[in-house]
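# Summary of structural features
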Amino acid sequence: MNTNVMTETAGDIVAENKPVTADTIAEQNADAYETVGNAFCDQAKMSMRNVNVFYDEKQAIYDVNLDIGTNEVVAMIGPSGCGKSTFLRCLNRMNDTIDICRVEGQFYLEDQDINDKKMDVVPLRARVGMVFQKPNPFPKSIYDNVAYGPRIHGLADRRSDLDEIVENSLQKAGLWAEVKDRLHQPGTGLSGGQQQRLCIARTIAVSPEVILMDEPCSALDPIATAKIEELIDELSQNYTIAIVTHSMQQAARVSHRTAYFHLGKLIEVNETEKVFTNPDHELTEAYITGRFG
Amino acid sequence: MDKLNIDRHISQQYNSALDDLKKEFLEMGGVVEKQIIDAVQSVAEADVDTAQKVLTTEQDVDAREMAIDDLCTQIIARRQPTASDLRLVMSVSKSTRDLERIGDEASKIAKMAIAISESDDVPHGFSELRNLGRQVHDVVDMTLTAFARYDVDLAVEVVSKDKVIDREYDTAMRELITYMMEDPRNISRSMNVIWALRALERIGDHASNISEQIIYLVKGLDVRHQSADEMVQQLNQE
């Protein structure tokens, strides 16, 4: 057990009469804790180093280091406000859209720094796709929902190529059999679980390398959830997946490694099997067993 | 994770379910422990009444085993336990089976007591039986204490003591075999004592199994099929 965890807080810094700025807090907290377990891996698809995120002066994430391996499913869990969704949104620069949000640290997609000035976010978000909490199909037909990405990214020149991409994507998302006879009906007419699978098909259509999922099943019933979880398992053959979830059982079921966030700090990353049977950190234990922190 | 804090869940019902599980297990342990004392006494003193009591208690032990299994199933179904909670449920579930087997072994000893009391001869080997009985009762007692206190050191001690019991069992067996070889008429009466000794030795093994589960519960380490020295080595590596 690492006892040198979270020994220093922003409160300590105030006590030492140092000027409290976002930078000093980040600097202090950089030494203040150490993530236990195994945050790194050999074949990293994405590597994040020294990540600090601020909303104005308020720091949301403290010095997080994490690798996500190729074809790995990493689940991020933690109480509300722990920074897990904020961290996920950094992985395809979704936080760029929030004016008060400032992101520090290095984010590598393989060898490329995703925050590099030369990096265009549009192709980045094609390579690192995202599925949101609430299914959000475009107010278009099922076909056009899936075809939209390939069209704007110029992935298909001919109609037959586009048809193939749409069919493949819907097949991979496990939705083809259910919608093949009504491809030109509106996507919004599908059930919640089908809409979420349509959103996954839309993400897959642009051949991403990484799929980010932010609580993808929280609006779905258990059957639809089971289908999405089955899909995550299948997709992990070809894609790297990072999933934020409030359901610990879901994290336990779908992920290879689990990362536990607490108050903006990455407390523990370990094999999922270990996290749910014998976690290294007492905060992880307290959270997953439903004890007082 | 030495402190299990099973009473610190946000859900009070969960606290009480796990607490009930622990209590039920220890109560069953108490019943089984008494069975061992009674069984050994019934053989040593050819006391049929006490032997009958042991046999009657077996039904109670069986019922307790089923009740604990049901409790484990309910907790898994309702709470999906994780981490130390999961290890508590798993280790109690497995250890309960060992406790029930200990009860079965005690009943076997009690049956031997009845058989012995029905013959007029005074068989050889009673002192060994009493001695081994005392030691076996001690390790079962230590095991239950180790469980109640989540005491890993005591659990390791049980595993090392089981080896001592095994050696004493071998010695007693050799002695009885010599005795039987001296005069084949001793064979049938000595066999009852041998079965009783064998049952005691098996009880030691079950106590050792439970102790391994205690180590899993507290430390999350699977130390089965290891010697006490290897366990200590593995525990020190943590």
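These remarks concern the structure in this document.

Before going further, it helps to examine the side chain of D166(B). Residues and elements named next belong to chain B. Looking at where D166 falls in the secondary structure, it is placed in helix α5 (residues 152-182). On the accessibility criterion, D166 (17% relative accessible area) is buried. Once residues lying within four places of it in the same chain are set aside, the contact partners of D166 are E201 and D205.

Before going further, it helps to examine the interface of chain B and chain A. Every contact between the two is made by 17 residues of chain B and, on the other side, 16 residues of chain A. When the two sides are added together, the surface that chain B and chain A hide from each other amounts to roughly 1,400 Å², 50% of it contributed by carbon and sulfur. Applying the counting criterion to the chain B and chain A interface returns one salt bridge. One salt bridge connects R291(A) with D85(B), and the closest N-O pair in it is separated by 2.9 Å. The tally of links from chain B across to chain A stands at 12 residue pairs in polar contact (both at pLDDT 80 or more). Take the side of chain B that touches chain A: its biggest share by element is five residues, from helix α3 (residues 83-118) of chain B.

All names here are of chain A. Tracing the backbone shows V128 in strand β7 (residues 128-131). Taking relative accessible area as the criterion, V128 reaches 0% and is therefore assigned buried. Considered as a pair, V128 and V166 are 38 residues apart in the sequence and their alpha carbons are 19 Å apart. Setting aside anything within four residues of it in sequence, one finds V128 in contact with M46, L91, N92, L109, V210 and L212.

Residues and elements named next belong to chain A. With respect to the helices and strands, R202 occurs in helix α8 (residues 192-204). Here N136 takes part through its side chain, which lies 3.1 Å from a polar atom of the side chain of R202. Aside from chain neighbours lying at most four places away, what touches R202 is N136, P137, F138, N145 and V146.

The subject of this paragraph is the pairing of strand β3 (residues 58-69) of chain A. Residues and elements named next belong to chain A. Counted residue by residue, β3 has 11 buried out of 12 residues, so it is predominantly covered. Summarising the sheet, strand β2 (residues 44-55) and β3 pair through eight bridges and their orientation is antiparallel. Opposite V51, over in β3, you have V64 as the bridge partner.

All names here are of chain A. Inspection of every chain in the model, using the stated rule, returns zero disulfides over all chains. No disulfide involves C41; its sulfur sits 18 Å from the nearest other cysteine sulfur, which is in C90. Residue classification places C41 among the partly exposed positions, given a relative accessible area of 25%.

On to helix α9 (residues 222-235) of chain A. Residues and elements named next belong to chain A. When the terminal C-alpha atoms of α9 are compared, their 19 Å separation across 14 residues agrees well with the 20 Å that a helix rising 1.5 Å per residue should span. Along α9, the residues classified as buried are A224, T225, I228, E229, L231, I232 and L235. Each buried residue of α9 sits inside an arc of 160° when the element is viewed along its axis, so together they form one side. When the buried face of α9 is taken as reference, the exposed residues oriented beyond 90 degrees from it are P222 and I223. Contacts from the buried residues of α9 go to β4 (73-77), α6 (159-172), α8, β8 (210-214), β9 (240-244) and α10 (248-254).

Rules and cut-offs
Residues numbered from 1 in each chain as written. Chains lettered and ligands numbered in written order. Predicted model: local features only at pLDDT ≥ 70, side-chain atom pairs only at ≥ 80, totals over all residues. Heavy atoms only, no water. Helix = DSSP H or I, 4+ residues; strand = E, 2+ residues; numbered from the N terminus. Buried < 20%, exposed > 50% of the residue type's maximum accessible area, 1.4 Å probe, protein only. Contact = heavy atoms within 4.5 Å. Buried area = accessible area lost by both parts, 1.4 Å probe. Salt bridge = Lys/Arg side-chain N within 4 Å of Asp/Glu carboxyl O. Polar contact = N/O pair within 3.5 Å; in protein donor to acceptor, adjacent residues only side chain to side chain. Pairing = 2+ DSSP bridges. Disulfide = S-S within 2.5 Å. Expected span 1.5 Å × (residues − 1). Arc of directions from axis to C-beta.

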